[in-house]
Amino acid sequence: MTTFYEAIQSIQPKLVTQTQQVDLIESINRVLAIDIISNIDFPPFNKATMDGFAFRFEDDLPKRLKIQDVIYAGQETNIQTQKGYCVRIMTGAKVPDDCDSVVEFEAVIEKDGFIEFIKPPKKGSNIAYLGEDLKKNELVLKEGTLIKPNMINLLAQLGYKSVKVYRKLNIGVITTGDELVDIGEPQKPSSVVDTSRYSLIAQIRQFNQEAIDYGRILDDPQKIQHTLNSATLNCDIVIITGGSSFGDKDYTQEALNAIGAKILIRTIDMKPGRPTIIAKKGNCFIIGSPGNPVSTFSVFRLFVGNIISKMLKCKDFDVDFLKCKIDFDYKKKSDRMHFLPTKVVFCQDGYVAYKINYNGSGDFSALSKANAFLAIPKEVEIAKKGEMLEFFFI
């Protein structure tokens, strides 16, 4: 049986090269396809960072300065200050070339056209200097960066009304099983609502990729083969659920062989998700996942996220393993690595994982309460309260 880490190493997809030019505001959660190089120095001049008075600092600076003029933000001016004078200045305004300090209004007494310092001012205070934030020709965002709202100011300042990004990946979703019914359809006692299809599509959209819904398929080998083959011709990644185990009606492996896919991984020593299949046909990766909701969710997060990350050269889609202290004891066999739904909270001493009542891979209720998965190594049989383990947020 393949280890989780070996399974991850088996995923070596072809990089996406196709790009799109999208409006700046539409670039949120898209992957940057070029390096962004600053074409300006910013600030483009020495800029006041407080409302106050600009002056030249001198060793024999008098306690009182005469107010010479006023400068507002956006105002073009060539004011030259004289010795013993200052200029009233507003936040964002250009500081006169012969001034090197700004004292805020609150630190002076203003009277009869003069200011008097309440306490000795500091040289260079309250000025953002030319090029302090950005320097011309500086690399500011790398190719492969996931564009987030906090980057929009920067891109706008550099003049990007549109941005070149990598195209979205087409990710196909196929759910299989005679027992599956859609939301609102009549149910038999043996019926199972096809929740995983909705969950997978939601995860794909959370990553801002294109979800292609191939629907739910009965346990019919021919229909599964036909749908799977069609999906691999149109998608970068296909995830098929419900037929990856070794039961009489588990047809995923048979279908993969029939359409000429290469099976890279057949089982993985992890729980949930042991009968996970990783396969490839052409440039399309296929993930065969167990059908239970926690299995499907975690398999997507661990493996589909990794494929997206590698195809788009963007680490943000992959899981980021962090360390936390566990607030409970946990026992297991030393046969598999366990991924356990948990609630992680940041406390004074770091992250702490709290127990969620969990009844196995079908427990969608526990999944809904979780914000993370603990990663408990294969060899660990007893994890005790207070020990440190890895986890990733979901």
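All values derive from a computational prediction rather than experimental measurement. Per-chain numbering applies: the sequence of each chain, read as written, is numbered from 1 onward. Restriction of local features to residues with pLDDT of at least 70 applies here, the model being predicted, together with a cutoff of 80 or more for giving and counting side-chain atom pairs; totals for whole chains, interfaces and linings are based on all residues. As a rule here, side-chain values come from all non-hydrogen atoms in the structure, and water together with hydrogens is ignored.

Trainee: Quick question: what am I supposed to make of the sheet that holds strand β7 (residues 101-104) here?
Mentor: In a beta sheet, neighbouring strands are held together by backbone hydrogen bonds and run either parallel or antiparallel to one another. Pairs of strands are assigned from DSSP output, requiring at least two bridges between the strands. In this text, helices come from DSSP runs of H or I with a minimum length of four residues, and strands from runs of E with a minimum of two, each type numbered from the N-terminal end. A sheet is described by the order of its strands in space; here six strands give the open sequence β7-β4-β6-β5-β9-β8, paired in mixed fashion. Pairing within the sheet leaves two strands with one partner each, and these edge strands are β7 and β8 (108-111). When strand polarity is set aside, the average angle formed by the axes of neighbouring strands in this sheet is 35 degrees. Judged from the five bridges that link them, strand β5 (residues 64-71) and strand β6 (residues 85-89) form a sheet pairing that is parallel. When the sheet's bridge partners are listed, Ile67 is paired in β6 with Cys86. Helix axes use the C-alpha atoms of the stretch in contact, all axes being lines fitted to C-alpha atoms, and the angles between their N-to-C directions lie in the range 0 to 180 degrees.

Trainee: Honestly, the sheet that holds strand β18 (residues 262-265) in this entry has me stumped. Any pointers?
Mentor: If you trace the six strands from one edge of the open sheet to the other, you get β16-β13-β17-β21-β20-β18, paired in mixed fashion. Strands at the two margins of the open sheet, each flanked by one partner only, are β16 (210-217) and β18. Averaged over neighbouring strand pairs, the angle between their axes works out to 20 degrees when direction is ignored. In this sheet, strand β21 (residues 284-289) lies alongside strand β17 (residues 237-241) in parallel orientation, the contact comprising five bridges. Across the sheet, residue Ile240 finds its bridge partner in β21, namely Gly288. The strands touched by helix α3 (residues 195-206) within the sheet are β13 (170-176), β16 and β17, with β16 carrying the most contacts at an inclination of about 170 degrees. Relative to the sheet, helix α6 (residues 293-311) contacts β13, β17, β20 (277-281) and β21, its axis offset from that of β21 by approximately 165 degrees. It only takes one pair of heavy atoms within 4.5 Å for two residues to be counted as in contact.

Trainee: Even after reading the chapter, I still don't get α6, so can you show me in this structure?
Mentor: An α-helical turn contains 3.6 residues, so a residue and the one three or four places further along point in the same direction. Here the expected length of a helix is defined as 1.5 Å per residue gap, with one fewer gap than residues. For α6, built from 19 residues, the straight-helix expectation of 27 Å at 1.5 Å per residue is met to within 8% by its first-to-last C-alpha distance of 26 Å. Along α6, the largest kink reaches about 35 degrees and is centred on Phe300. The classification of residues rests on relative accessible area computed with a 1.4 Å probe and restricted to protein chains. Under 20% of the type maximum is buried, over 50% is exposed, and intermediate values are partly exposed. Within α6, 18 of the 19 residues are buried, leaving the element largely enclosed by the surrounding structure. After α6 finishes, the residue Lys313 shows a positive phi value of roughly 55 degrees. The angle separating two fitted axes, one through the seven residues that finish at a residue and one through the seven that start at it, defines the bend at that residue.

Trainee: Looking at this structure, I do not really get the environment of Thr81. What am I missing?
Mentor: Within the fold, Thr81 resides in the loop between β5 and β6. Between the C-alpha atom of Thr81 and that of Asp69, which follows or precedes it by twelve residues, the distance is 8.8 Å. Those residues in contact with Thr81, other than ones at most four positions away along the chain, are Gln68, Val87, Asp98 and Cys99.

Trainee: Help me understand the side chain of Asp269, please; the structure alone is not making it clear to me.
Mentor: Position of Asp269 among the secondary structure elements: in the loop between β18 and β19 (270-271). If near-sequence neighbours (up to four positions away) are discounted, Asp269 is found in contact with Met1, Thr2, Thr3, Phe4, Asp335, Arg336, Met337 and Lys378.

Trainee: Can you help me understand the pattern of salt bridges in this one?
Mentor: Proximity of charged atoms lets side chains of opposite charge pair with each other. Salt bridges are counted wherever a side-chain nitrogen of Lys or Arg sits within 4 Å of a carboxyl oxygen of Asp or Glu. Counting across every chain of the model gives 13 salt bridges. The salt bridge partner of Asp194 is Arg197, with a shortest N-O separation of 2.9 Å. For the pair Asp194 and Arg197, one class covers both residues: buried. Of the charged contacts in the structure, one is a salt bridge between Arg197 and Asp213, with a shortest N-O distance of 2.7 Å. Note that Arg197 is positioned in helix α3 and Asp213 in strand β16, a separation of 16 residues in sequence. The exposure class assigned to Asp213 is partly exposed, which follows from its relative accessible area of 38%.

Trainee: Sorry if this is basic, but what is going on with the environment of Gly124 here?
Mentor: Note on placement: Gly124 falls in the loop between β9 (114-117) and β10 (127-128). Along the sequence, Gly124 and Lys384 sit 260 residues apart, while their C-alpha atoms lie 55 Å from each other. Beyond its immediate stretch of four places on either side in the chain, Gly124 contacts Asp100, Ser101 and Tyr129.

Trainee: Would you take a moment to explain the packing of aromatic side chains for this structure?
Mentor: The rule is short: rings of Phe, Tyr and Trp, with Trp giving its six-membered ring, pair when the centres are within 6.5 Å, and they are stacked under 30 degrees, edge-to-face over 60, tilted in between. A complete count under the given rule lists 16 aromatic pairs for this structure. Between Tyr351 and Phe393, the aromatic rings sit 5.6 Å apart at their centres with planes inclined by 75 degrees, giving edge-to-face as the arrangement. Separated by 42 residues along the polypeptide, Tyr351 in strand β25 (residues 350-354) and Phe393 in strand β28 (residues 388-393) bring together distant segments of the chain. Each member of the aromatic cluster is reached from another via a ring pair, and the members are Phe4, Tyr5, Phe297, Phe303, Phe321, Phe339, Phe373 and Phe392. Two limits define a charge over a ring: the Lys NZ or Arg CZ must be within 6 Å of the ring centre, and within 35 degrees of the ring normal. The positively charged end of Arg64 is found above the aromatic ring belonging to Phe114, 4.2 Å away from the centroid. For Arg197, the ring lying beneath its charged end belongs to Tyr198, and the centroid distance is 5.2 Å.

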